[in-house]
Amino acid sequence: MRKGWKRWLAAAVSAVLLAAMVASAGTVSRAEGGEEEVPVETGGTGGHGTSTTEITEDMLKNTPPEDYQVDMSMQADAKDGAYDAYFLKDGIQTVSIKVDENNLNYLLQNADKKPSVMTESVTIGDKTIGYTGLKTKGSYTLEHAFMDNFGNDRFSFTVNFGKFIKKSQYGVKQNFYGCRKVSFNNFFFDKSMLKEYIALALMTEMGVPTPQYGLAKLYINDNFYGVYFMVEAMDQSIIEQYQKADKGGISDYLVKPEHTSLLYDEKMDKYRREDGTFDLNSVLELDENGIYKAKGDLKEQETLWEEDDETLQDVAEMLPTVLSWQKKINQLSSGKDFDGKAVDVNSDAYLELLNQVMDVDEVVRYFAAHSFLVQIDNMFDGQKNYGLYVDTSGKCMVVPWDYDLSFGCYFPSTSEATANLELDIMFNAYKDQKFGFGGAGKKPGEIYKEFPLFYVIYQNKSLMDKYHQYMKDCAKIAALGGTAFNGKTYEPCWFNSLIQNISEPLVTAASEKLADNVSYMNFINQPSGTELGQPNLSKIIAMRSVAVAAQVDGVETTVSGYGCNLETLGNGAVGENTNRGVLTAVEAVTGIHATADYGLQESTVKPPMLTVRALGKKEEIYKTFRDKTGASGNGLVVYNITNTADPEGDYTLSIPLSGERAKRGAEIYAYTEKDGVKKLDAAVDDNIYRVTTPDIQYIAVISSGGLAARIFTNPIVYIAAGVIVLLAAGFLVFKKYRKPRTEKRK
């Protein structure tokens, strides 16, 4: 009902505006002062498309030429990953779509219905492929893009390379170097244009089967539709590449479940054989046209195939296996084995059974990364936005999908609440049940019991310990640096570096003039949106990383969100920040963070926020450190750190070092006017050096390279070396003259 009145109101507004356009265009003034009636073609366009003529299906060109030759040089196996190179990670790809104008207008005029039309060609970079499918995509964002953006055609799209070029007619189902579908997301909720980019970068590093991704400038019929997030669509190609397997070894069941928590419907037990397999012949029929139809009890399970008949055709033969998998994972979630007998959820026997139905380590890594990203528009709130893969043996994996609302931009919306969100919370803790599945007043255990895919992990202590450690690995990858579970060593603030590297080409692309029928949606102005959003994206990444690591390590502190405005990312809010108690302030470029007790300050006092600047070699304080320690060159880095608030006691200052510097070892010094240069005792955790100090204004980090430099710049060393040289020379002279005298005696 709620959606219905919005659709009615938007349609009414569109009709009024369209009528006004028709009325104003219906007459044209003559030079002589008279009026001439001009006919205007109108149709049910809803204000979308480049033509006012309503295009119907019989006007479409959806049949490719019979003599079309598939370019076999572009056909490949997904496992080889040849298409990865076309998803640029350090630049902006250019994608050009050529499509018949009638096809394009039909697509745009009916965008909310997601029709498929045939293109003439799609060019990605320097490669062109003919006669692909093109459709609009999305759910909530598509509805509002269509209903609330009169005259604006900047929808999200999916290109299906083999939609119209089938194997039965052309000898091969066309693909693009192994990729079968690619989507272009319109950043409806992302002013920064980089949230999904960063989210999938994290999922990739966490070893999760992740779609290929990048940024792209999209042209349709030579008209610029703007910058899009280019991502491999949810398809078996993702699993093929992840497992390095041929398509024949991958099951057809990779879906995006919606409107289901995957709780098993016990009425399906009547179709279960004694051996645990399912016989669905009575409820799954194949008609004379080779089309599968679900009926009766099975029809009620249609959320398992996205409530989409086309998807049903792909997964029908896998449904007995999927139902068997669903039954088993629900049994384990309920603390029972596959025979229905009680099993200790913290036992080895439980883990052995779970490993039969789940790639456990992959799923734990997925949920850890997902929780780190604070993407609450997910399976626990909206029952959507993830991919579920079940292989032919009945074992599952999870694939990430749709992260434009990550970093708290759906809930909790403010920087401080987002940074400090509890490790195990992946739902809206304040959402009222009457507006959909939520967690108002409920604890995680109560919520997760309804979601067996995660509850089988949540109820096992060893798996949750692993989940927490993987979350700390996410923090290392994103901002803190250090060595993660995969053996790779990451530089501090790596994600900030990714953002900085892509910033210039992104801003340049977002500055280009758009086609007349498109503009960035949801009140987003570009390039100002991404320019304002990028620094705050770096900040929330650093804040979340420090807060997660603190929670995993049991450190009682709140990470200050002061100076980070999630409103600039899209769908977030400014919010208030804490200025009392034990707080940690984080700087996003270096990852340096300081924890201290700020007591019970007045509400008017600013919360803590760090600003960090590396001093130049000609600055006096730098020279002071150099002269007092003897260090110089690359081995000496001096920071000037300022804070917007004053704590009541000492700081615990944490300094992440690059992998190479951390490997060589380092010493930390502080400078104050009262005490001068003073060496601080440092505790080391991987690559993070932690010191206690009452003052953080001037801090020096001297790596072992600096220690070596100290030796060679200390005058005492040169004096000692000179003395040694003179003594050696004297000894040689003595030896030279002593020998002849000895021989003379003989």
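Structure: see above.
Computed from a predicted structure; not experimentally measured.

**Details of the pairing of strand 27 (residues 682-685)**
Note that strand 27 and strand 28 (residues 688-693) share 4 bridges and pair antiparallel. Each residue of the ladder has a partner; that of A683, found in strand 28, is R690. In this antiparallel pair of consecutive strands, strand 27 and strand 28, the connection spans 2 residues, and D686 shows a positive phi of 60 degrees.

**What to know about the packing of helix 5 (residues 195-205) against helix 16 (residues 494-510)**
Remark: helix 5 packs on helix 16, axes separated minimally by 11 Å, with the N-to-C direction vectors making an angle of 135 degrees. Between helix 5 and helix 16, the interaxial angle falls into the category oblique. Both helix 5 and helix 16 take part in a crossing whose hand is right-handed. In this structure, helix 5 uses I198, A201, L202 and E205 to contact helix 16, whose residues at the interface are W494, F495, L498 and I499. Taken together, the residues that form the contact of helix 5 with helix 16 break down as 7 nonpolar, no polar and 1 charged.

**A short note on the sheet that holds strand 12 (residues 254-255)**
In space, the 3 strands of this open sheet follow the order 12-15-16, with antiparallel pairing throughout. Taken across any chain shown, the strands that pair with only one partner, and hence form the sheet edges, are strand 12 and strand 16 (396-400). As paired strands, strand 15 (residues 386-390) and strand 16 are joined by 5 bridges and run antiparallel to one another. Bridge pairing in strand 16 places V390 opposite C396. Lying over the sheet, helix 11 (residues 360-372) contacts strand 15 and strand 16, oriented at roughly 25 degrees with respect to strand 16.

**A short note on the sheet that holds strand 6 (residues 127-130)**
Read across the open sheet, the 9 strands follow the order 4-7-8-9-11-10-3-5-6; overall the sheet is mixed. Each of the sheet's edge strands pairs with one partner strand only, and the pair in question is strand 4 (116-118) and strand 6. Neighbour-to-neighbour, the strand axes of this sheet turn through a mean angle of 30 degrees, independent of strand direction. As defined by bridge partners, strand 9 (residues 181-185) adjoins strand 11 (residues 223-232) across 4 bridges and the pair is classed as antiparallel. Looking across to strand 11, one finds that N185 is bridged to F229.

**With respect to a negative patch on the surface**
Residues D252, D308, D309, D314 and E317 make up a contiguous surface patch of negative charge. On the secondary structure map, D308 appears in the loop between helix 7 (296-299) and helix 8 (309-315). The exposure class of D308 is partly exposed, given its relative accessible area of 32%.

**What about the nonpolar core?**
F157, L280, L298, M358, F367, L453 and I457 are the most contacted members of the largest nonpolar core, which totals 189 residues. Looking at this core element by element, the count peaks at 11 residues for helix 15 (residues 461-480). Beyond its immediate chain neighbours, meaning those up to four positions away, F367 contacts M379, F380, M426, L453, F454, I457 and Y467. If you look at the next biggest cluster of nonpolar residues, it comprises 26 residues, including Y598, I641, Y651 and I668.

**Describing the pattern of salt bridges**
The final tally for this structure, using the stated rule, is 26 salt bridges. E205 is the salt-bridge partner of K488, the closest N and O atoms lying 2.8 Å from each other. Linking K488 in the loop between strand 17 (482-483) and strand 18 (489-490) with E205 in helix 5, this pair joins segments that are 283 residues apart in sequence. On the basis of relative accessible area, E205 is assigned to the buried category, the value being 15%. D297 is paired through a salt bridge with K270; the nearest N and O atoms lie 3.2 Å apart. Of this pair, D297 sits in helix 7 while K270 sits in the loop between strand 12 and strand 13 (284-286), and the two are 27 residues apart along the sequence. Classification of K270 by relative accessible area gives exposed; the value is 58%.

**Brief notes about the layout of surface pockets**
Roughly 320 Å³ of volume is contained in the second largest pocket. Taken together, 20 residues form the lining of the second largest pocket, with D553, V555, H593, S654 and R690 sitting closest to its centre. Put simply, the parts of the chain that give the lining of the second largest pocket at least two residues each are helix 15, helix 17 (528-553), strand 21 (593-597), strand 24 (651-656) and strand 28. Considering every element that reaches the lining of the second largest pocket, the biggest residue donor is helix 17, with 4 residues. When grouped by side-chain class, the residues that make up the lining of the second largest pocket number 6 nonpolar, 8 polar and 6 charged.

Basis of the calculations
- Within each chain, residue numbers correspond to sequence positions counted from 1 in written order.
- Thresholds applied to this predicted model are a pLDDT of at least 70 for local features of residues and 80 or more for the giving and counting of side-chain atom pairs; totals over whole chains, interfaces and linings are not thresholded and use all residues.
- Water and hydrogen atoms play no part in the side-chain values, which are based on all heavy atoms of the structure.
- Strand pairing is defined by DSSP finding a minimum of two bridges between the two strands.
- Under the scheme used here, helices are H or I runs from DSSP no shorter than 4 residues and strands are E runs no shorter than 2 residues, and both carry numbers assigned from the N terminus.
- Interaxial angles span 0 to 180 degrees and are taken between N-to-C directions of axes, which are lines fitted to C-alpha atoms, for helices over the stretch in contact.
- In these notes the angle categories are as follows: under 35 degrees is roughly parallel, over 145 is roughly antiparallel, 65 to 115 is roughly perpendicular, and the rest is oblique.
- Should the near helix be turned counterclockwise from the far one by less than a right angle, the crossing is left-handed, whereas a clockwise turn marks it as right-handed.
- Residue contacts are defined here by distance: any two heavy atoms, one from each residue, within 4.5 Å place the two residues in contact.
- Nonpolar residues are Ala, Val, Leu, Ile, Met, Phe, Trp, Tyr, Cys and Pro. Charged residues are Asp, Glu, Lys and Arg, and all others, Gly as well, are polar.
- Every patch collects residues that have over 30% relative accessible area and no salt bridge, joining them within 9 Å if they carry like charges and within 5 Å if they are nonpolar side chains (Val, Leu, Ile, Met, Phe, Trp, Tyr).
- Only the protein chains shown count as cover for residues, with accessible areas throughout obtained via the Shrake-Rupley method and a probe of 1.4 Å.
- Any Lys or Arg side-chain nitrogen located within 4 Å of an Asp or Glu carboxyl oxygen qualifies as a salt bridge.
- Asp and Glu are treated as the negative residues and Lys and Arg as the positive ones, with His and the ends of the chain left uncounted.
- Note that the charge is assigned to NZ on lysines, CZ on arginines, CG on aspartates and CD on glutamates.
- Note on exposure labels: buried denotes an accessible area under 20% of the residue type's maximum, exposed denotes more than 50%, and partly exposed covers the range between, all computed with a 1.4 Å probe on protein chains only.
- Here, the term nonpolar core denotes a set of buried Ala, Val, Leu, Ile, Met, Phe, Trp, Tyr and Cys residues that are joined through side-chain atoms within 4.5 Å.
- Here a cavity means grid points, on a 1 Å grid over the protein atoms only, where a 1.4 Å probe fits yet cannot get out; a pocket means an open set of points with protein on both sides within 12 Å along at least five of seven lines; lining residues are those with an atom within 4 Å of a point.
- Grid points are joined across faces, edges and corners, and a volume is the space filled by probe spheres set on the points.

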